[in-house]
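Observations on chain architecture
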Amino acid sequence: MGKRRCAALALATIMAVVMELVSHTVATSRRIMLTNGLGMTPPMGWNSWNHFGCNIDEKMIRETADALVSTGLSKLGYEYVNIDDCWAEISRDDKGNLVPNKSTFPSGIKAVADYVHRKGLKLGIYSDAGYFTCSKKMPGSLGHEEQDAKAFASWGIDYLKYDNCNNDGSKPTVRYPVMTRALMKAGRPVFFSLCEWGDMHPAEWGAPVGNSWRTTNDIADNWESMISRADQNEVYAEYARPGGWNDPDMLEVGNGGMTKDEYIVHFSLWAISKAPLLLGCDIRNMTKETLDIITNKEVIAVNQDPYGFQAKKVRMEGDQEVTKALGAILSKCMWIVESTTKTRYIWAASLSGYRLAVVLLNRGPVRYSATALWDDIGLDPKTVVEARDLWEHKTLRTQFVGNLTATLSPHSCKLYVLKPIG
Ligand code: GLA
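Here is a short report on the structure shown in this document. Keep in mind it's a predicted model, so treat the numbers as computed, not measured.

1. Let's talk about the state of the cysteines
Inspection of every chain in the model, using the stated rule, returns 2 disulfides. The disulfide bridge from cysteine 54 ends at cysteine 86, spanning 1.8 Å between sulfur atoms. Of this pair, cysteine 54 sits in the loop between helix H2 (49–52) and helix H3 (58–70) while cysteine 86 sits in the loop between strand E2 (80–82) and helix H4 (108–118); the two residues are 32 residues apart in sequence, bridging distant segments of the chain. The class of cysteine 54 is partly exposed, set by a relative accessible area of 25%. Covalently, cysteine 134 is tied to cysteine 165 through a disulfide, its sulfur atoms 2.0 Å apart. The sign of the S-S torsion, about 95°, decides the handedness of the disulfide formed by cysteine 134 and cysteine 165: right-handed. One end of the pair, cysteine 134, is in the loop between strand E3 (122–128) and helix H5 (145–155); the other, cysteine 165, is in the loop between strand E4 (159–163) and helix H6 (172–186), and 31 residues separate them in sequence. The connectivity of the disulfide-linked cysteines in the protein, indexed sequentially, is 1-2, 3-4.

2. Side note on a nonpolar patch on the surface
On the surface, a cluster of nonpolar side chains totalling about 290 Å² of accessible area is made up of Ile90, Tyr131 and Phe132. Assignment of secondary structure puts phenylalanine 132 in the loop between E3 and H5.

3. Let's talk about the packing of H3 against H4
Running from N to C, H3 and H4 cross one another at 15°; their axes reach a closest spacing of 10 Å. Classified by the angle their axes make, H3 and H4 are roughly parallel. Seen along the crossing, H3 lies across H4 with a hand that is right-handed. Listed contacts from H4 to Glu58, Ile61, Arg62, Ala65 and Asp66 of H3 are Gly108, Ala111, Val112, Tyr115 and Val116. In the contact of H3 with H4, the residues fall into 6 nonpolar, 1 polar and 3 charged.

What counts, and where the lines are drawn
- Residues numbered from 1 in each chain as written.
- Predicted model: local features only at pLDDT ≥ 70, side-chain atom pairs only at ≥ 80, totals over all residues.
- Heavy atoms only, no water.
- Disulfide = S-S within 2.5 Å.
- Helix = DSSP H or I, 4+ residues; strand = E, 2+ residues; numbered from the N terminus.
- Buried < 20%, exposed > 50% of the residue type's maximum accessible area, 1.4 Å probe, protein only.
- Patch = residues over 30% accessible without salt bridge, like charges linked within 9 Å, V, L, I, M, F, W, Y side chains within 5 Å.
- Areas by Shrake-Rupley, 256 points an atom, 1.4 Å probe, with all protein chains shown as cover.
- Salt bridge = Lys/Arg side-chain N within 4 Å of Asp/Glu carboxyl O.
- Axes fitted to C-alpha atoms, helices over the stretch in contact; angles between N-to-C directions.
- Parallel < 35°, antiparallel > 145°, perpendicular 65-115°, else oblique.
- Left-handed = near helix turned anticlockwise from the far one by under 90°.
- Contact = heavy atoms within 4.5 Å.
- Nonpolar A, V, L, I, M, F, W, Y, C, P; charged D, E, K, R; others polar.

Below is the structure:
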């Protein structure tokens, strides 16, 4: 055999081995996902808890389904109508079945599911890996997993949020997979949302168990709560992928506790973080401002990008400016001058089509400029890009090389999609 032929053969053998290894790795990582075929992009829809708490009934669930269609939200991908806590009677019946609350859900859950399905939407429900749910107003599914999963399947449930209150003290890694198996046995594909609040780092074990996992405690409708959930969720970015998502909790947009700019930051960070986009306001009575935020197609497209890469914070800066600014505003409060809070954050994620999504965020109390450096967001410094501002719906006239700077009001952000050109 000639030397050249020999080298070619060796190269082919090496390539075959490499290919085999790559396909083995892909197959192994696929195999450890929950194989119900759901959640290939983050789920979108609505949930009753953030706005209504326990004040829910079948009428408002039907009206919410109507509103999802009439507002055009369903066409944009918002498909799940999720009933949270408090839908059932406090006791099971004599056969151990969960009983829908007789005064608030008199027609039963199947009738609601049929209604929602006729609208082209999906119905979600809520239970708990404990003896009672968090409200303590209804039983949890611990010890009744198969029976409840069968009931959910027979009613036509498409999504289950599974909470962690009032349990027996055993680990979530033991209690949650029991419901995973029960759902699979019941035979209906159900998006399984683990609501374990991030206690035992569910990002590390959630992929074969559920389609999403909460990484945080409950969100509240204010800036500090929202931004801290985004921070806690970011830590687990590497774990998000089609079929299994980090969940920093549901949206508060439209509930009234934040300014328009703050809600835009909220929606932008959830979108770029590939978080579930579960609306938490009363969508039967929304302002135009709320509707404009949650119907931004370009921002939704970032969230639903087929690659499913969750954004990372690539740079934080601004100690100096915070110190000066607060010092000027509150010159008598010297301890605040010591603050080391960072003010400007750059978040970035790869998108399909060689594009990048970038958020420039000002968390500080005064106007600042923020800069995304190509080096930080993974672009070659010489790359020329076109920048689309997703909140202005404008492609900027200038093309950018090396960096992009924007000036930002307090508690506001820019969300750009960058596309290399030439
Ligand atoms: C927990 C969950 C919330 C909500 C309530 C209902 O606190 O984290 O999202 O479901 O329970 O009681």
